[in-house]
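# Reading the structure
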Amino acid sequence: MAKNLIIGQSGGPTAVINSSLAGVIDYSLSSDKVGKVFGMINGIEGLLEENIIDLTSMFYNLPHEVNRLKHSPAMFLGSCRYKLSNNEDEFKTIFDILEKYNVGYFIYTGGNDSMDTVKKLSDYTAANGIDIKVVGIPKTVDNDLNGIDHSPGFGSAAKYIATSVRNVAYDTSIYSIKSVHIIEAMGRNAGWLTAASVLARQDNMPAPHLVYLPEVPFSVEQFVNDVKEKLEEYNSVIAVVSEGIHDKDGNYIAEGGCSQDGFGHAQLSGVGAFLKTVIEEQIGCKVRALEPSVLQRSAGHIASLCDVNEAFNLGTVAVRAAEEGKTGVFATLKRTSDKPYCVEYGTERVEVVANAEKTVPRSWINEAGNDVTEEMVTYLKPLIRGVAQTPYRAGLPDYIDIRHLDVTKQKYKNEDE
């Protein structure tokens, strides 16, 4: 007898997390092992409130809507930053709801902390003899997940950052006056997205001239010297800095403006503005600080086709793994070749990724700590390739309707009630 599947999304959005959801829906609707497909609104937090929608009814026989979902950014099911405790009552509530909806497959999409939720739920099913397969789908623009060559969402964010740097370079190169532009990229402890800015260096374009990752201690004094040196060669200097750069003692350069998210992680911003003030005071040229902020996460209009397709495939891999009886795992991919670029799909134990971070190897950063090496460039290049065929309407991307997220609660009416 077919069991129902439920899926949720957690953490920060990406340009392709919905592509993974589309992969889950597309595969499940044609599977004789999956009954209905349900969605949790706002992740595990919404599940605890029984905030659930029927995705089968929404997408059955509507392949064009699945395609719109595949090319829509952010999170169709909403999100949360909710950390499961070890409260027995909380687990009992979750599994009572899952039993009520005859769920046999639980799929959760997210990053490091979301995979901790997958681990906790799969551990609970094993300890209590519950026959529900719990599988994760990875995502994050930070690319800081272990157990996978690169995270879905990263390639599109990387493409956005590289394109933005290229656009800024074209804008600033028209003036003969000395200027500095500081672009702040996301990345608390991992500098992958900051590093991706170097992909802007096509056709012998030198920008970005300086790149600073959090894996190497940052010196404000050395930064000023680096900028001065580049200004001797170029009229316009572009520096890309990670929001998480810190000094040799581990203090964030932007520590003063920190708050914390629901998982206890520092919410960083303002390092670009701080460094702008430093350059103005010590060099005195024209300076701008640019912070793409959330724009770099959900820019569906410039998504990498490679990223979209891989995210979709990982959705199908997750459902297939659950059907095969796997639990406590997440869908993953391994690069088998750079030229031609090839990957193979599979699964990995979730404890490999839960609450862990993959940082940039020191060998992929230059000795001075202000640029990356060719190994990094070789790794990055395939991930931004291809132009996603985003549907357009009235001149704008035709993203899928998300008005259901504005409703306080979407409770599915169980036909057996």
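Residues numbered from 1 in each chain as written. Predicted model: local features only at pLDDT ≥ 70, side-chain atom pairs only at ≥ 80, totals over all residues. Heavy atoms only, no water.

This next bit is on the overall build of the chain. From N to C terminus, the chain includes twelve helices and 15 strands. Relative to the 2.2 N^0.38 estimate, which gives 22 Å for 417 residues, the radius of gyration of the chain is 22 Å and therefore close to what a compact globule would have. In terms of its C-alpha atoms, the chain occupies a principal-axis envelope of roughly 75 × 45 × 40 Å. A total of 417 residues make up the chain; the buried ones form 57% of that total. At a minimum sequence separation of 6, the contacts of the chain that also span at least 24 residues come to 77%. (Helix = DSSP H or I, 4+ residues; strand = E, 2+ residues; numbered from the N terminus. Rg over C-alpha atoms; globule rule 2.2 N^0.38 Å. Buried < 20%, exposed > 50% of the residue type's maximum accessible area, 1.4 Å probe, protein only. Contact = heavy atoms within 4.5 Å.)

Once that is clear, we can look at the pattern of salt bridges. Tallied over the entire structure, the rule returns 19 salt bridges. In this structure, D96 and K92 form a salt bridge, with 2.9 Å as the shortest nitrogen-oxygen distance. Residue D96 and its partner K92 are both found in helix α5 (residues 88-100); the two are separated by four residues, about one turn of the helix. Note on D96: relative accessible area 38%, which makes it partly exposed. A relative accessible area of 46% means that K92 is categorised as partly exposed. Shared partners join several salt bridges into a network, and the residues in it are E65, R68, R393 and D398. (Salt bridge = Lys/Arg side-chain N within 4 Å of Asp/Glu carboxyl O.)

Turning our eyes to something else, we now look at the sheet that holds strand β5 (residues 133-138). Strands pair in a sheet through their backbones, by hydrogen bonds, and they do so in one of two ways: parallel or antiparallel. If you walk across this open sheet you meet the seven strands as β3-β2-β1-β4-β5-β12-β13, and the pairing is mixed. Among the strands making up the open sheet, the edge pair consists of β3 (52-54) and β13 (342-349). Averaged over neighbouring strand pairs, the angle between their axes works out to 30° when direction is ignored. Two strands pair when backbone bridges link them, and strand β12 (residues 329-337) and β13 are joined in this way by eight bridges, in the antiparallel orientation. Within β13, the position partnered with S337 by the bridge is C342. Those strands touched by helix α1 (residues 17-29) are β1 (3-9), β2 (34-40), β4 (103-110) and β5, and its axis lies near 175° from that of β1. Seen against the sheet, helix α6 (residues 112-128) touches β4, β5 and β12 and runs at an angle of roughly 160° to β4. (Pairing = 2+ DSSP bridges. Axes fitted to C-alpha atoms, helices over the stretch in contact; angles between N-to-C directions.)

Another point: the nonpolar core. Judged by nonpolar contacts, the single largest core of 59 residues is most densely connected at L47, L55 and F106. In this structure L55 touches I7, L21, I25, V37, F38, G39, Y60, F76 and L77, once residues within four positions along its chain are discounted. Counting 37 residues, the second largest nonpolar core, distinct from the first, contains I161, A185, A207 and Y379. (Core = buried A, V, L, I, M, F, W, Y, C linked by side-chain atoms within 4.5 Å.)

With respect to the helices, strands and loops of the structure, N51 is situated in the loop between α2 (43-48) and β3. Taking the C-alpha atoms as reference points, N51 and I41, separated by ten residues in sequence, lie 5.6 Å from one another.

Okay, unusual backbone geometry next. Cis rather than trans, the peptide bond between A207 and P208 has omega equal to 5°. Looking at where P208 falls in the secondary structure, it is placed in the loop between α8 (192-195) and β7 (210-212). The omega torsion across K339 and P340 is -5°, close enough to zero to call that bond cis. By the element assignment, P340 lies in the loop between β12 and β13.

Right, let's talk about the side chain of K120 for a bit. Residue position: K120 is located in helix α6. Once residues lying within four places of it in the same chain are set aside, the contact partners of K120 are K83, L84 and F91.

The end-to-end C-alpha distance of helix α9 (residues 220-233), which contains 14 residues, comes to 21 Å, matching closely the 20 Å that a straight helix rising 1.5 Å per residue would cover. What α9 keeps buried is the set F223, V224, D226, V227 and L231. With its buried residues spanning 160° around the axis, α9 presents them on a single face. Across from the buried face of α9, at angles greater than 90 degrees, the exposed residues are E221, E229, E232 and E233. The inward-facing, buried residues of α9 abut β6 (179-185), β7, β8 (236-242) and α10 (271-282). (Expected span 1.5 Å × (residues − 1). Arc of directions from axis to C-beta.)

Right, let's talk about the environment of R393 for a bit. Assignment of secondary structure puts R393 in strand β14 (residues 392-393). Polar side-chain contacts of R393 include one of 3.3 Å to the side chain of D398. (Polar contact = N/O pair within 3.5 Å; in protein donor to acceptor, adjacent residues only side chain to side chain.)

By themselves, these observations are geometric and do not establish any function.
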